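Each chain, written out:
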Amino acid sequence: MTGPLPPDQRFDAEPPGLPGFHAWRSVYLFVFGWFVLVVILLAVFARIFS
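Residues numbered from 1 in each chain as written. Predicted model: local features only at pLDDT ≥ 70, side-chain atom pairs only at ≥ 80, totals over all residues. Heavy atoms only, no water.

Side note on the environment of Glu-14
Part 1: In this fold, Glu-14 is placed in the segment before helix 1 (24–48).
Part 2: Between the C-alpha atom of Glu-14 and that of Trp-24, which follows or precedes it by 10 residues, the distance is 8.2 Å. (Helix = DSSP H or I, 4+ residues; strand = E, 2+ residues; numbered from the N terminus.)

Considering the packing of aromatic side chains
Part 1: Scanning all chains against the criterion turns up 4 aromatic pairs.
Part 2: Judged by centre distance (6.2 Å) and plane angle (75°), the ring pair of Phe-30 and Trp-34 falls under edge-to-face. With Phe-30 and Trp-34 both in helix 1 and 4 residues apart, this pair spans about one turn of that helix.
Part 3: A relative accessible area of 44% means that Phe-30 is categorised as partly exposed.
Part 4: Residue classification places Trp-34 among the partly exposed positions, given a relative accessible area of 47%.
Part 5: A connected cluster of aromatic rings, assembled from ring pairs, spans Phe-21, Phe-30 and Trp-34. (Phe/Tyr/Trp six-rings, centres within 6.5 Å; stacked < 30°, edge-to-face > 60°. Buried < 20%, exposed > 50% of the residue type's maximum accessible area, 1.4 Å probe, protein only.)

These figures come from the coordinates and say nothing about function on their own.
In structure tokens form, the structure reads like this:
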């Protein structure tokens, strides 16, 4: 059984293993950006086609 991690070791220190992304924070920001874009497009299309 392993003990707690040292305070200087961060949980996102492991690379995500995705091409073009070097940190988990960039993956999260990319996904959140796409979510915001889709919500905006849904609002625009609902206004245009209603």
